[in-house]
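# A closer look at the structure
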Amino acid sequence: MPKVKTFYQCQSCGYTSPKWLGKCPDCGEWNTLVEERKETVPSRLSLPAQFRKSEPQLLSSIKAGYEQRTSTGIRELDRVLGGGVVTGSVVLVGGDPGIGKSTMLLQAIAGLSKYGQVLYVSGEESPEQIKIRAERLSIISDDIILFSETSLRSILDTALKLMPKAIVIDSIQTVYTEDILSAPGSVSQVRECAAKLMLFAKKSDIPIFLVGHVTKEGAIAGPRVLEHIVDTVLYFEGDRGHSYRILRTVKNRFGSTNEIGVFEMSDSGLREIENPSELFLLERPLNVSGSTVVAALEGTRPLMVEIQSLVSQTNFGMPRRTTIGVDFNRVNLLVAVLEKRAGLHLGGMDVFVNVVGGLRIIEPAVDLGIISTIASSLRDIPIDPKAFVFGEVGLSGEIRAIAQAEIRIKEASKIGFKRAVMPLGNADKINSSFGLEIVGVKDIESALEAVLS
Ligand code: TYD
Ligand code: MG
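The structure contained in this document is the topic of the report that follows. Remember, predicted model here, so these are calculated numbers, not experimental data.

Each value, and the rule that gives it
- Residues numbered from 1 in each chain as written.
- Chains lettered and ligands numbered in written order.
- Predicted model: local features only at pLDDT ≥ 70, side-chain atom pairs only at ≥ 80, totals over all residues.
- Heavy atoms only, no water.
- Phe/Tyr/Trp six-rings, centres within 6.5 Å; stacked < 30°, edge-to-face > 60°.
- Helix = DSSP H or I, 4+ residues; strand = E, 2+ residues; numbered from the N terminus.
- Buried < 20%, exposed > 50% of the residue type's maximum accessible area, 1.4 Å probe, protein only.
- Pairing = 2+ DSSP bridges.
- 1 Å grid on protein atoms, 1.4 Å probe; cavity = no way out; pocket = protein on both sides within 12 Å on 5 of 7 lines; lining within 4 Å.
- Points joined across faces, edges and corners; volume = space filled by probe spheres on them.
- Nonpolar A, V, L, I, M, F, W, Y, C, P; charged D, E, K, R; others polar.
- Core = buried A, V, L, I, M, F, W, Y, C linked by side-chain atoms within 4.5 Å.
- Near = heavy atom within 4 Å.
- Polar contact = N/O pair within 3.5 Å; in protein donor to acceptor, adjacent residues only side chain to side chain.
- Areas by Shrake-Rupley, 256 points an atom, 1.4 Å probe, with all protein chains shown as cover.
- Salt bridge = Lys/Arg side-chain N within 4 Å of Asp/Glu carboxyl O.

On to the packing of aromatic side chains. Geometry of an aromatic ring pair is reported as the spacing of the ring centres plus the angle between the planes. The final tally for this structure, using the stated rule, is four aromatic pairs. Arranged with centres 6.0 Å apart and planes meeting at 90 degrees, the rings of Phe236 and Phe263 form a pair that is edge-to-face. Taken as a pair, Phe236 in strand 11 (residues 232–238) and Phe263 in strand 13 (residues 260–266) lie far apart in primary sequence, 27 residues in all. Phe263 gets classed as buried once you look at its relative accessible area, which sits at 1%.

Now the structure itself:
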């Protein structure tokens, strides 16, 4: 009889404790510790002999550039993966329910079915439901195999028999292994199943996509605990109210981590947006105060985004500061810089800052956009709609140079901007102005003068 061990595990972060606790001492979440049971028999994955072997190798004998990439047929997805899916890699796609994970992976697997049979395992939907979705997406292929199954052993057996070109597991929370007694979706199940799938992918060279749900309550194991195990973590973000979706790389062993892919959810599936700048500026109000366009950079991709702000008189005591899409503390800091170095009176004002289109921008180049839009709203002076800005603002009010200025200017010129207000340090160095008027500024006073005149 194998010995059964009982313990309590936090469903949010994976912390284990021998007794129940109301609050997880590790991540601070309440009511997340759940009883789990584990048999103390070493679990083993049955793989054929040729997969089990692994031998030490000389580093110099290993051929470089061995990672083989396959295109999924979706360019935006290929981009965030680092140029296609790498053989034997495990990709976790996380995101809120209903955001479009199943849709994207069905489209991706249809693209991969060009190279041979692919396997779509669903523990959430019936084959009929998937068929209906496939019809909606106009997917016609004789090489997509649907499999409604939640037992990991049975999934791996099938995969071994079929040796498909790619596998999708929708979702990892529904899969369970008999080796562990905990319920499907619990941290130990999810982690164990992912680890076994990872081993399988590495040994068989089959790429595996895992779908993972994120829940705030931590009722089912969030994909957070999986991030260490898998090769690539993608997050699908977006506002339910908007139709665009952003696929963001959070971790990538095979590429850069700040790439984004932009999609639009249409009635026939996800459409790639090749020119997101145009999309994000589509409904921009012209000649209104409190709106600035910033040339931001996400990974290798320039993005022109509108930053709006509203500055209004505080009604009750404490002035409010609210930000959407930019860092809250950064905005507070910039407000202080504006007060001290440019003499703007914001002490009795509420300040709201919003990045249009549900985007989130973290790079410092957005600073100049934030101060311009706040000053524009406070003074009620519109900014020239053909002008855009970028640059970092320092604590003494200096405007600091940022990386890759030329890519940003080029993108702006492509969509019809005429005037660039940027750090002097960048303006001095650029080789081509791409037909734009370049205004280099060195402190916030001259910057505000340049944008608000
Ligand atoms: P889905 O891929 O099922 O989301 P997830 O797997 O992340 O839970 O997508 C769900 C939403 O997408 C659903 O609200 C319907 C919508 N949708 C479209 O708008 N157009 C389409 O062509 C498809 C397939 C779905
Ligand atoms: Mg789904």
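Having put the structure on the table, let's press on.
To continue, consider the pairing of strand 13. Counting buried residues along strand 13, five of its seven residues qualify, which places the element largely inside the surrounding structure. Two strands pair when backbone bridges link them, and strand 12 (residues 244–252) and strand 13 are joined in this way by five bridges, in the antiparallel orientation. For Ile246, the partnering residue across the bridge sits in strand 13 and is Val262. One ladder, built from four bridges, connects strand 13 with strand 14 (residues 269–272); its direction is antiparallel. Note on strand 14: the bridge partner recorded for Ser266 is Gly269.

What follows is about empty space enclosed by the protein. Summary: where empty space remains is shown by rolling a probe the size of a single water molecule over the atoms. Taken as a whole and judged by the stated rule, the model has two cavities of 30 Å³ or more. By volume, the largest cavity is sized at about 70 Å³. Taken together, Arg284, Pro285, Leu286, Asn287, Val288, Ser291, Thr292, Val293, Ile383, Asp384, Pro385 and Ala387 make up the lining of the largest cavity. With three residues, strand 15 (residues 291–298) is the largest single contributor of residues to the lining of the largest cavity. Looking at side-chain class alone, the lining of the largest cavity contains seven nonpolar, three polar and two charged residues. In this structure, the second largest cavity occupies an estimated 30 Å³ of space. If you go around the second largest cavity, the residues you meet are Arg69, Leu81, Gly84, Val85, Val86, Ser89, Val91, Thr232, Asn252 and Phe254. When the residues that make up the lining of the second largest cavity are grouped by side-chain class, the tally is five nonpolar, four polar and one charged.

This paragraph deals with the nonpolar core. One recurring pattern in soluble globular proteins: nonpolar side chains tend to sit buried together. Among the nonpolar cores identified, the biggest contains 47 residues, and Phe280, Leu338, Leu346, Ile371, Ile374, Ile444 and Leu448 are the most heavily contacted of them. Broken down by element, the residue count for this core peaks at six residues, all from helix 8 (residues 328–342). Of all hydrophobic cores here, the second largest spans 30 residues; its members include Leu81, Val93, Ile109 and Ala110.

A few words on the site of ligand 1. Inspection of the region around ligand 1 gives 16 residues, with Gly98, Ser102, Thr103, Ser266 and Gly269 positioned closest. At a separation of 3.3 Å, an oxygen atom of ligand 1 approaches a polar backbone atom of Asp267. Here an oxygen atom of ligand 1 and a backbone polar atom of Gly269 are 2.6 Å apart. For ligand 1, the accessible surface in isolation is 560 Å², of which the surrounding protein chains cover 75%. At the level of elements, helix 3 (101–112), helix 4 (127–136) and strand 13 are the ones that each hand at least two residues to the shell around ligand 1. Per-element accounting of the shell around ligand 1 gives the leading share, three residues, to helix 3. For the shell around ligand 1, the class distribution of residues is four nonpolar, seven polar and five charged.

Under the definition given, this model contains 18 salt bridges. Note that Arg79 and Glu76 form a salt bridge whose closest N and O atoms lie 3.3 Å from each other. Pair noted here: Arg79 and Glu76 are both in helix 2 (residues 75–81), with a separation of three residues, about one helical turn. Judged by relative accessible area, Arg79 falls into the partly exposed class, the value being 29%. Here Arg330 ties to Asp367 by a salt bridge, and the two come within 2.5 Å at their closest N and O atoms. One end of the pair, Arg330, is in helix 8; the other, Asp367, is in helix 9 (residues 367–379), with 37 residues separating them in the sequence. On the basis of relative accessibility, which here comes to 25%, the residue Arg330 falls in the partly exposed class. With a relative accessible area of 0%, Asp367 lands in the buried category. One continuous salt-bridge network, built from bridges that share partners, spans Arg153, Asp179, Glu192 and Lys196.

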